[in-house]
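The residues making up each chain are set out below.
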Amino acid sequence: MTTQSNTSAGWYPDPQGAPQTLRYWDGAQWTQHTHADQQQPSAAAQQPPQQQPMQHVPQQPAAPDPRVQRQVQQQAGVAPSGPGGGSLFTEPVLVVNQKAKLIELTNEYTVMDQNGNQIGSVTEVGQSALKKAVRFVSSLDQFMTHRLEIRDAHGQPQLVLTRPAKVFKSRVIVSRPDGSPVGEIVQQNMIGKINFALVVNDQQVGAIKAENWRAWNFAIVDHAGNEVARITKTWEGLAKTMFTTADNYVLQIHYQLPEPLLSLVVATALTVDTALKQDSRGLG
């Protein structure tokens, strides 16, 4: 039991509370030497040294998850990069893995950095019991309204994604938790390579362009057509592919982007999954 103190060595009342017992303080720590206190302590008696509060020792970061590193480096082909800021909006690579479910009634995703540290999550909110029942027996939910919250590592909402009910083309409204608008992600076509426009105040600030007709890998470009980010779907494994609804994506942001383009790019990985994967299921 060591501590730092300016109290000089001497005999003091036992800090462990033993009645009428003195314990020797050697100037740096309590010793094992005690003896009976022959006198009752007076009000002017010198107080024993006070223990200083323990200093907080910061936790060491968790070891990298080899499964996530393999997903990023081998499956998505993303080279390791320097550490980011540890948040949804400061990491250069976001790994978005959907929770595996035999029947998908609620969209849920885990968002990690390139080393597998969870930095956020996405969950669908506002679903009624009737809507869940419809999702259980059919694929008609692809025409219904979907609302998802992107949350940070502490569970606090950062962005809200709303895909209104639609028939053909999808449109996703991106807003802050307080309801202030960020922009929209608007599907441009239905045939061929699917493209989305990133729109802010009725002005296109970027686009999401599918690289193949199945629309699983996307390049994200700014208003001038320069690639600023990339979405790659990674293989989740044979069992998950055959028996669950889980999809996994890697979002690579090439450099720090300005707002609101950054928030729209962060939202794209979730938008692509919600807008396209459900459309591909047909009418069940």
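Here the residue numbers are simple positions, counted from 1 along each chain's written sequence. With pLDDT at 70 or above as the cut-off, local features in this predicted model cover only qualifying residues; side-chain atom pairs require 80 or more to be listed or tallied, and sums for whole chains, interfaces and linings still use all residues. Values shown for side chains rest on all heavy atoms present in the structure; no hydrogens or waters enter the calculation.

For the rest of this paragraph, the subject is the overall build of the chain. A helix here means a DSSP run of H or I that spans at least four residues, while a strand means a run of E at least two residues long, and both kinds are numbered starting from the N terminus. A count of helical and extended segments in the chain gives 4 helices and 15 strands. Relative accessibility under 20% of the residue-type maximum defines a buried residue, over 50% an exposed one, and the middle range a partly exposed one, all with a 1.4 Å probe and only protein chains included. Across the 284 residues of the chain, 44% fall into the buried class. On the chain, roughly 15,700 Å² of surface is accessible, and the fraction owed to carbon and sulfur atoms is 54%. Each accessible area value is a Shrake-Rupley result obtained with a 1.4 Å probe; residue values ignore everything except the protein chains displayed when judging cover.

A few words on the pattern of salt bridges. Oppositely charged side chains can form a pair if their charged atoms are brought close together. Within this document, salt bridges are pairs made up of a side-chain nitrogen of Lys or Arg and a carboxyl oxygen of Asp or Glu, the two lying within 4 Å of each other. The final tally for this structure, using the stated rule, is 7 salt bridges. Note that glutamate 184 and arginine 171 form a salt bridge whose closest N and O atoms lie 3.1 Å from each other. Of this pair, glutamate 184 sits in strand S10 (residues 181–187) while arginine 171 sits in strand S9 (residues 171–175), and the two are 13 residues apart along the sequence. Its salt-bridge partner being arginine 230, residue glutamate 227 comes within 2.9 Å of it at the nearest N-O pair.

Moving on, we get to the confidence of the model for the chain. Regions with low pLDDT should not have their predicted coordinates read in detail. When pLDDT is averaged along the chain, the result is 76; 68% of the residues meet or exceed 70. pLDDT: the predictor's confidence for each residue, scored from 0 to 100. The contact criterion used is simple: two residues touch if any of their non-hydrogen atoms lie within 4.5 Å. With pLDDT under 50 throughout, residues 100–105 is counted as low confidence; its partners more than four residues away or in other chains account for 21 contacts. Counting contacts from residues 131–138, a segment whose pLDDT is below 50, to residues more than four positions away or on other chains yields 21 contacts.

Turning our attention to the nonpolar core. Counting 41 residues, the largest nonpolar core has Val174, Ile185 and Ile220 as its most contacted members. Formed by 8 residues, the second largest nonpolar core is a distinct cluster that contains Val72, Val95, Met112 and Val250. For the purposes of this section, nonpolar cores are sets of buried Ala, Val, Leu, Ile, Met, Phe, Trp, Tyr and Cys residues that join through side-chain atoms within 4.5 Å.

The next point concerns the sheet that holds strand S6 (residues 118–124). Spatial strand order, S4-S5-S6-S7-S8-S9-S10-S11-S12-S13-S14-S15: 12 strands in a closed barrel with antiparallel pairing. Here the strands of the sheet are splayed against their neighbours by 20 degrees on average, with no regard to which way each runs. Two strands pair under a simple rule: DSSP has to find at least two bridges between them. Across 5 bridges, strand S12 (residues 203–210) lies against strand S13 (residues 218–222) in antiparallel orientation. The partner of glycine 206 across the bridge, within S13, is aspartate 222. Sitting on the sheet, helix H1 (residues 66–75) is in contact with strand S4 (93–98), strand S5 (108–112), strand S14 (227–234) and strand S15 (248–253), with an inclination near 115 degrees to S4. A fitted line through C-alpha atoms represents every axis, and for helices the fit uses only the stretch in contact; the resulting angles, taken between N-to-C directions, go from 0 to 180 degrees.

Unfilled space is identified by rolling a water-sized probe across the atoms. Computed over the protein atoms alone on a 1 Å grid, cavities are sets of points where a 1.4 Å probe fits but cannot get out and pockets are open sets with protein on both sides within 12 Å along at least five of seven lines; a residue lines them when it has an atom within 4 Å of a point. Grid points are joined across faces, edges and corners, and a volume is the space filled by probe spheres set on the points. Counted under the stated rule, the structure contains 1 cavity of 30 Å³ or more. The wall of the largest cavity is formed by Leu88, Leu94, Val96, Val111, Val122, Ile150, Val266 and Leu270. Elements with a contribution of two residues or more to the lining of the largest cavity: S4 and helix H4 (261–277). Amino acids outside the nonpolar list (Ala, Val, Leu, Ile, Met, Phe, Trp, Tyr, Cys, Pro) and the charged list (Asp, Glu, Lys, Arg) are all regarded as polar, and Gly is one of them. When its residues are assigned to classes, the lining of the largest cavity shows 8 nonpolar, no polar and no charged.

Here serine 175 shows up in strand S9. Accessibility expressed as a relative area gives 12% for serine 175, which makes it buried.

Here arginine 23 shows up in strand S2 (residues 21–25). Within 3.5 Å is the distance limit for a polar contact, defined as a pair of N or O atoms, with the added protein rule that one can donate a hydrogen and the other accept it, and that residues adjacent in sequence qualify only through two side-chain atoms. Within the local environment of arginine 23, its side chain forms a polar contact with the side chain of aspartate 14, the two groups lying 2.9 Å apart. Filtering out sequence-adjacent residues up to four positions away, arginine 23 remains in contact with Gly10, Trp11, Tyr12, Asp14, Pro15, Gln16, Trp30, Thr31, Gln32, His33 and Thr34.

A word on the packing of aromatic side chains. Centres within 6.5 Å make a pair out of two Phe, Tyr or Trp rings, where for Trp the six-membered ring is used; the pair is then stacked when the planes are under 30 degrees apart, edge-to-face when over 60, and tilted otherwise. Evaluated as defined, the whole model comprises 2 aromatic pairs. For the ring pair tyrosine 12 and tryptophan 30, a centre distance of 6.4 Å and an interplane angle of 90 degrees mean the geometry is edge-to-face. A residue pair is termed long-range when its members are at least 10 positions apart, and tyrosine 12 in strand S1 (residues 10–13) and tryptophan 30 in strand S3 (residues 30–36) qualify at 18 residues. Ring centres of tryptophan 25 and tryptophan 30 lie 5.2 Å apart, and the angle between their planes is 65 degrees; on these two criteria the pair is classed as edge-to-face. Given the relative accessible area of 0%, tryptophan 25 is considered buried. For tryptophan 30, a relative accessible area of 8% puts it in the buried group. Cluster of aromatic residues (ring-pair linked, three or more members): Tyr12, Trp25 and Trp30.

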